[in-house]
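# Structural characterization, general
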Amino acid sequence: MISVTATDKYTVVLKWKTPNPEFISETVVTVHSPTAAIEAREAVEKWGNLDDWKHAVGTGPFMLKEFVSGSSATLVKNPNYWGRDERHPQNKLPYVDTLKVLVIPSEADALEALRSGKVDVIDHISATQAMQMKKTNPEMLIVAHPIPPLHWTRETM
């Protein structure tokens, strides 16, 4: 990394020698390096240690409503989210009111939950597993990610 500069109250500019989208997640996402996290100064000043999920701060489309370590996270629509649909700019995002994210440690269990309709989406599966799933369930949509997904573990949740 070449530099990190706060250009205004709400903007941080990160510059690297070599362009690589993976640097973004490696640099600012706490899963990879808790010491590299970008956190709101006001939150740190108010609560100090931000390990308690009730002190989560963000500007994204969802807000953390409930968190059960190693089990699940429930997210609700952020009514103050600034985003709009690119194709339909009159529509505010997100469209979904609630998301429930489950922690399913076993890939086999996650695949079975998807096959049986108990979950709508899974990630972190191998290309081989995705292709096998497509053979047995041709109606499923597979989306490849150019950037490796973040790997959540019980220790990070």
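Shown above is the structure to which this text applies.
Presented here is a report on the structure given in the accompanying data block. Just so it is clear, the structure is predicted and the values come from calculations on it, not from any experiment.

Moving on to the overall build of the protein. Looking only at helices and strands, the protein features four helices and five strands. Listed N to C, the secondary structure of the protein is β-β-α-α-β-β-β-α-α in terms of helices and strands. Each of the 157 residues in the protein was classed as buried or not, and the buried ones make up 17%. Considering only intrachain contacts with a sequence separation of at least 6, the fraction spanning at least 24 residues in the protein is 27%.

Ordered in space as β3-β4-β5, the three strands form an open sheet in which the pairing is antiparallel. Each end of this open sheet is capped by a strand with a single partner; those strands are β3 (62-68) and β5 (98-102). Put simply, the sheet's adjacent strands are angled 20° from each other on average, direction ignored. Alignment of strand β4 (residues 72-77) against β5, held across five bridges, turns out to be antiparallel. In the strand pairing of β5, Ser72 is matched with Leu102.

On to the nonpolar core, then. By size, the foremost hydrophobic cluster in this structure holds six residues: Leu111, Ala113, Leu114, Val119, Met133 and Met140. Among the elements that make up this core, the one with the highest residue count is helix α3 (residues 107-115) (three residues). Sequence-distant contacts of Val119, that is, excluding residues within four places in its chain, are made with Leu102, Ile104, Ala110, Ala113 and Leu114.

Taken together, the five bridges between strand β1 (residues 3-8) and strand β2 (residues 11-15) define a ladder with antiparallel strand orientation. Looking at the pairing, Ser3 lines up with Lys15 of β2. Hairpin connection of β1 to β2: two residues between the antiparallel strands.

The next subject is the packing of aromatic side chains. Applying the stated criterion across every chain yields a total of one aromatic pair. Plain terms: the ring middles of Tyr81 and Trp82 are 5.0 Å apart, the flat faces sit at 45° to each other, and that makes the pair tilted.

A separate point is the packing of α3 against helix α4 (residues 127-136). One way to put it is that α3 packs onto α4 with a least axis distance of 12 Å and a crossing angle of 30°. Classified by the interaxial angle, the pair formed by α3 and α4 is roughly parallel. The hand of the α3/α4 crossing is right-handed. Residue-level inspection shows Glu107, Leu111, Leu114 and Arg115 of α3 in contact with α4, the latter providing Gln129, Met133 and Thr136. In the contact of α3 with α4, the residues fall into three nonpolar, two polar and two charged.

Another aspect to go through is the side chain of Asp85. For Asp85, the location among the structural elements is in the loop between β4 and β5. Residue classification places Asp85 among the buried residues on the basis of a relative accessible area of 9%. A polar atom in the side chain of Asp85 sits 2.6 Å from the side chain of Tyr95. Once residues within four sequence positions are removed from consideration, Asp85 is found in contact with Asn91, Leu93 and Tyr95.

Cut-offs used in this document
- Residues numbered from 1 in each chain as written.
- Predicted model: local features only at pLDDT ≥ 70, side-chain atom pairs only at ≥ 80, totals over all residues.
- Heavy atoms only, no water.
- Helix = DSSP H or I, 4+ residues; strand = E, 2+ residues; numbered from the N terminus.
- Buried < 20%, exposed > 50% of the residue type's maximum accessible area, 1.4 Å probe, protein only.
- Contact = heavy atoms within 4.5 Å.
- Pairing = 2+ DSSP bridges.
- Axes fitted to C-alpha atoms, helices over the stretch in contact; angles between N-to-C directions.
- Core = buried A, V, L, I, M, F, W, Y, C linked by side-chain atoms within 4.5 Å.
- Phe/Tyr/Trp six-rings, centres within 6.5 Å; stacked < 30°, edge-to-face > 60°.
- Parallel < 35°, antiparallel > 145°, perpendicular 65-115°, else oblique.
- Left-handed = near helix turned anticlockwise from the far one by under 90°.
- Nonpolar A, V, L, I, M, F, W, Y, C, P; charged D, E, K, R; others polar.
- Polar contact = N/O pair within 3.5 Å; in protein donor to acceptor, adjacent residues only side chain to side chain.

In short, the description is geometric, and any link to function would need to be established separately.
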